Amino acid sequence: LGPLAACGGDSGGGGSGVAHAATKTGAMRTQLAQDTGFWNQVEAMFTLDPTKVFMNIGTAGSMPKEVLDYFDNESRQLARDSGNGYGNFLAQRQQIAPGFGVDPDELVMSYNTSAGMCVSILGIPWQRGDVVVTTNHEHGGGLTPLQIAIDRYGVEASYVKLPIGNNQSAGDYANLFEARIQQLRVQGKRVRAMMWSAPTYKTGTMLPIAELMEVVKRHGLISIVDGAHLPGMMAYNYAELGMDFMSGAGHKWQCGPGSTGILIVRNKVRTSNPTPLPPFFPVLSSGYPPTQPPGVKWAERATGSTATYDIAAVLQSTGSMNAPMFRSLAKACEVWDRIGRQKIETYDLALSSYLKEKIAERWGVDRLYSPKDDPKLLSALTSFNPFANAADVTNSQKSSQFVARLLSDYAPGFVIRNVNCPMDVAGSGVPDHWIVRISTHLWHDAADIDRLVDAMWDLSRKMG
Ligand SMILES: Cc1ncc(COP(=O)(O)O)c(C=O)c1O
């Protein structure tokens with residue numbers, strides 16, 4: 001069902017070389033152009049500066065006009081009434097949750113990905129010697145609370161080295177984590193949790209959640225997903241995926257206000273993940289212990305399909321909050337549900353596949369740090385090495401210059417970012433690669449990508 005499949009075949013087919021690649025990108029472009037009218041209307045919903053093409057949604061989205069107006073009205077109404085922000089926002093959680101495939105008691109409007117990661121990781125009563133298996137491509141938003149758990153509780157972390165580029169498949173990830181867990185067990189270690197980004201913010205590789213959840217379930221582990229980029233990009237059903245925690249941003253692909261996030265917390269035991277719920281303390285709450293339903297102690301977590309209490313209400317109640325901001329996040333989710341989350345995912349991935357294929361065509365597939373052929377590994381983030389001289393990828397200054405000049409030297413200018421990509425685990429001495437990262441989202445079209453690729457090619461030749 002991936003966009004590549006929809007465009008007919010993989011790159012392993014007959015007819016090698018540029019002609020084949022050009023036919024492929026041509027077919028992809030034709031398919032992308034089919035719904036131009038619809039996506040032009042979507043683009044018109046935003047207030048984006050037309051002198052720039054914004055392709056760094058992985059860092060920041062942009063609120064649609066409708067959401068901006070709503071936020072403004074709500075803020076003014078609150079000021080007029082000298083209102084407060086107490087509450088557990090049940091109405092908003094009820095409205096948002098179905099778009100993520102969960103019940104309202106499993107969905108929290110958090111302050112952002114980092115806040116959700118802190119709440120998740122630091123809410124677990126870790127024991128000295130507990131091992132968390134994670135990766136060498138994690139973000140500080142997850143690594144920081146993990147480091148606190150290491151320093152404070154004696155948790156140990158084991159870092160799996162992630163593959164890079166197109167020559168990989170979804171099955172590799174289950175094998176990598178499984179092998180590491182086996183190895184740790186042989187050493188007598190107590191593996192307690194897995195924590196991973198899906199997708200990583202470096203290469204944009206979508207670590208396959210369903211495959212990794214099979215490893216989690218096999219070993220009865222706690223599962224913590226840094227899904228910063230998932231809300232608003234991927235139309236995932238989190239009840240079916242069954243992870244314990246998924247912390248995502250509301251201000252990136254979901255295009256809600258800054259300081260918003262979507263935190264999913266497993267609060268009942270479904271067949272998708274029969275592992276018992278982990279013990280968990282809501283460390284950021286002013287609604288603790290829960291009083292509804294009466295008589296249920298907070299620690300009595302569900303053992304079956306019925307929640308004992310609304311954990312999301314507990315986590316949502318954190319004193320007086322910015323109610324207009326959270327209501328506006330709900331409004332942004334309403335806009336996404338209206339457009340269609342699956343439709344957005346398909347379009348975002350089709351754009352990114354088109355970009356990945358064009359990069360492979362111009363620069364060669366080896367320049368891609370994101371995989372392109374396994375549909376399970378695709379996200380709307382594309383990372384690659386643009387330099388004429390491939391060895392320049394270790395030059396962080398040149399990489400930053402490339403990003404700056406892509407904005408300043410072209411009209412319209414392109415807003416992208418660069419990122420360090422560790423090629424091994426920390427301490428190995430292998431230098432990081434400084435790759436550039438492009439986000440493709442619902443306000444882009446194939447022509448934006450054509451112009452971007454031409455500009456990047458031109459700039460890479462000028463910079464030598
Ligand atoms: C993978 C990942 N995790 C966490 C974060 C932090 O996100 P937030 O600003 O929502 O806390 C980011 C931000 O770019 C990210 O890419």
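Because the structure is a prediction, the values reported are computed rather than measured.

(A) A look at the domain arrangement of the protein. Split into domains, the protein comes out as domain 1 (3-57 + 342-463) and domain 2 (84-337). With 38 residues of domain 1 in contact, the opposing surface of domain 2 contributes 31 residues. Linking Glu211 and Lys376 is a salt bridge whose minimum nitrogen-to-oxygen distance equals 2.7 Å. On inspection of domain 1 and its partner domain 2, the count reaches 15 residue pairs in polar contact (both at pLDDT 80 or more). Those elements that place two or more of their residues in the side of domain 1 that touches domain 2 are helix H13 (341-363), strand S9 (381-384), strand S11 (417-421) and strand S12 (433-439).

(B) The arrangement of the nonpolar core in detail. If you look at the biggest cluster of nonpolar residues, it comprises 100 residues, and the most contacted ones within it are Met194, Trp196, Ile209, Tyr238 and Leu406. Split by domain, this core shows at least three residues from each of two domains, domain 1 (3-57 + 342-463) and domain 2 (84-337). Residue contacts for Leu406: discarding those within four places in its chain leaves Gly413, Phe414, Ile416, Leu452, Ala455, Met456 and Leu459. Ranked by size, the runner-up nonpolar core spans 25 residues in total, among them Val155, Ile222, Phe280 and Leu315.

(C) Main features of the site of the ligand. Neighbouring residues of the ligand: Gly58, Asn112, Thr113, Ser114, His139, Tyr201, Asp226, Ala228, His229, Ala249, His251 and Lys252. Thr113 is positioned with one of its side-chain polar atoms (N or O) 2.8 Å from an oxygen atom of the ligand. Interatomic distance of 2.7 Å between a side-chain N/O atom of Lys252 and an oxygen atom of the ligand. Notes on the ligand: free accessible area 400 Å², of which the protein chains cover 90%. Class assignment of the residues belonging to the shell around the ligand gives a composition of 3 nonpolar, 7 polar and 2 charged.

(D) Expanded view of the packing of aromatic side chains. Taken as a whole and assessed by the stated rule, the structure comprises 12 aromatic pairs. Ring centres 6.3 Å apart and planes at 70° place the aromatic pair Tyr236 and Tyr238 in the edge-to-face group. The same class applies to Tyr236 as to Tyr238, namely buried. Directly above the ring of Tyr70 sits Lys331, whose terminal nitrogen or CZ lies 4.9 Å from the centroid. The ring of Phe38 is capped by Lys343, whose NZ or CZ atom sits 4.2 Å from the centre of that ring.

Parameters and conventions
- Position labels on residues start from 1 in each chain and follow its written sequence.
- Note on the predicted model: pLDDT of at least 70 is required for a residue's local features to be given, and 80 or more for side-chain atom pairs to be given and counted; whole-chain, interface and lining totals, by contrast, use all residues.
- As a rule here, side-chain values cover all heavy atoms of the structure and leave hydrogens and water aside.
- How far each domain reaches was decided by an automatic or database domain assignment.
- The contact criterion used throughout is that any non-hydrogen atoms of two residues lie within 4.5 Å.
- The rule for a salt bridge is simple: a side-chain nitrogen of Lys or Arg has to be within 4 Å of a carboxyl oxygen of Asp or Glu.
- Counted as a polar contact is a pair of N or O atoms within 3.5 Å, where, for protein atoms, one must be capable of donating a hydrogen and the other of accepting one, and residues adjacent in sequence contribute only when both atoms are in side chains.
- Elements are defined by DSSP. Helices are runs of H or I of four residues or more, strands are runs of E of two residues or more, and each kind is numbered from the N terminus.
- For our purposes a nonpolar core is just a set of buried Ala, Val, Leu, Ile, Met, Phe, Trp, Tyr and Cys residues, chained together by side-chain atoms within 4.5 Å.
- To sort residues, take the accessible area from a 1.4 Å probe on protein chains only and compare it with the maximum for the residue type: under 20% means buried, over 50% means exposed, and anything in between is partly exposed.
- The criterion for a residue being near a molecule or strand is simple. One of its heavy atoms has to lie within 4 Å of it.
- Here the Shrake-Rupley method, with its probe set to 1.4 Å, supplies the accessible areas, and only the displayed protein chains count as covering residues.
- Note that Gly is not counted as nonpolar here; it falls among the polar residues with everything else outside the nonpolar set of Ala, Val, Leu, Ile, Met, Phe, Trp, Tyr, Cys and Pro and the charged set of Asp, Glu, Lys and Arg.
- In this analysis, rings of Phe, Tyr and Trp, with Trp reduced to its six-membered ring, are considered paired at centre separations within 6.5 Å, and the interplanar angle assigns stacked below 30 degrees, edge-to-face beyond 60, and tilted for intermediate values.
- Comment: the charge-over-ring label is applied if NZ (Lys) or CZ (Arg) is within 6 Å of the ring centre and within 35 degrees of the ring normal.

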